[in-house]
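Geometric and topological summary
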Amino acid sequence: MDINQQVLRIDVTGLPLEWVDYKGAASLYAVDQVIYDLGADIYTLFGGINSITGKRSQLTVNSIIATNGQSKHFQQKLNRYTPPLNNQTLFKRDAHLCLYCGHHFVRKDLTRDHIKPLSRGGLDTWQNVVTACKRCNHHKGGKTPEEAGIELLAIPFVPNYAEYIYLKGRNILADQMDFLMGYISDASPIHRRMHLQKKA
Ligand SMILES: [Zn+2]
């Protein structure tokens, strides 16, 4: 397995928290923060040689690790959590489609469009931004979609915490995906976008 594979860190109650790389995972194991692990063994890390036993230490890392240390208070805060807005997760939210012309683009050809333009008091928030190709963004300019005579193909939404972790993930493994899906409601628009993503 690829050493760059990310590990899904969850809290002891099973709430997804974040992605960690192999160094992050190794240090959580090293300080005994890992309470249990789930999913597949994804790689084995080798450490130094023990001077007494003469054996090399090794650590098998799982795809999902549960760690200590989050309080109930933290979980309550998560319910009201608004993830930071950035283009990587925004474009993935919108399945790398321009939400005006419906075409699929690579990341460098996509832009963040403000539905109500910033120049007109629109906000830089998840509900007011969509992925747009350069051409549509340019065409729309400082206008609203109605004024520009174009229509939004999907409604922008604020991802919840689990959705945000999904959006931030790279090469998510099947067991990690199953786990995250347990926290994403069937009604979430993410499902439809995922379907579009696969087709594209
Ligand atoms: Zn477009």
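No experiment lies behind these values; they were computed from the predicted model shown. (Residues numbered from 1 in each chain as written. Predicted model: local features only at pLDDT ≥ 70, side-chain atom pairs only at ≥ 80, totals over all residues.)

1. Some remarks on the overall build of the protein
- Of the regular secondary structure elements, the protein holds eight helices and six strands.
- Listed N to C, the secondary structure of the protein is β-β-α-β-β-α-α-β-β-α-α-α-α-α in terms of helices and strands.
- C-alpha extents for the protein along the principal axes are approximately 75 × 35 × 30 Å.
- Looking at the protein residue by residue over its 200 residues, the buried ones come to 26%.
- Restricting the contact set of the protein to residue pairs at least 6 apart, pairs at least 24 apart contribute 61%. (Helix = DSSP H or I, 4+ residues; strand = E, 2+ residues; numbered from the N terminus. Buried ≥ 20, exposed ≤ 12 C-beta atoms within 10 Å, placed from the backbone. Contact = placed C-beta atoms within 7 Å.)

2. Notes on unusual backbone geometry
- The residue Asp32 is not glycine, and still its phi comes out positive at about 60 degrees.
- Looking at where Asp32 falls in the secondary structure, it is placed in the loop between helix H1 (22-30) and strand E3 (34-49).
- At His96, a position not held by glycine, the phi torsion is positive, near 55 degrees.
- Take His96: it is sitting in the loop between helix H3 (87-93) and strand E5 (110-114).

3. Structural notes on the environment of Gly47
- Relative to the elements of secondary structure, Gly47 occurs in strand E3.
- Judged by the 11 C-beta atoms lying within 10 Å of it, Gly47 is exposed.
- The sequence separation of Gly47 and Asp2 amounts to 45 residues, and the corresponding C-alpha distance is 18 Å.
- When neighbours within four sequence positions are excluded, Gly47 is seen to be in contact with Arg56, Ser57, Gln58 and Leu59.

4. A closer look at the sheet that holds strand E4 (residues 56-67)
- The four strands lie next to each other as E2-E1-E4-E3, forming an open sheet whose pairing is mixed. At either end of the open sheet lies a strand with only one pairing partner, and these are strand E2 (16-20) and E3. On average, each strand axis in the sheet is tilted by 40 degrees relative to the strand beside it, whichever way the strands run.
- Looking at chain direction, E3 and E4 are connected through 10 bridges and run antiparallel. Looking at E4, one finds that Asp41 is bridged to Asn62.
- In the packing of helix H7 (residues 174-181) onto the sheet, contacts are made with strand E1 (7-11), E2, E3 and E4, and the angle to E4 comes to roughly 30 degrees. (Pairing = 2+ DSSP bridges. Axes fitted to C-alpha atoms, helices over the stretch in contact; angles between N-to-C directions.)

5. Considering the domain arrangement of the protein
- Along its sequence, the protein is organised into domain 1 (7-70) and domain 2 (87-148).
- Using only C-alpha atoms to locate each centre, domain 1 and domain 2 end up separated by 39 Å. (Domains from an automatic or database assignment.)

6. Quick word on the nonpolar core
- In this structure, Ile65, Ala162, Ile165, Tyr166 and Leu180 are the most contacted members of the largest nonpolar core, which totals 19 residues.
- Listed by contribution, the elements that provide at least two residues to this core are E1, H1, E4, helix H6 (161-168) and H7.
- For this core, the element with the most residues is H6, which contributes five residues.
- The contacts of Ile65, once residues within four sequence positions are left out, are Val7, Arg9, Ala25, Leu28, Val34 and Asp37.
- By size, the runner-up hydrophobic cluster in this structure holds 13 residues, among which are Leu90, Cys98, Tyr100 and Val129. (Core = buried A, V, L, I, M, F, W, Y, C linked by C-beta atoms within 7 Å.)

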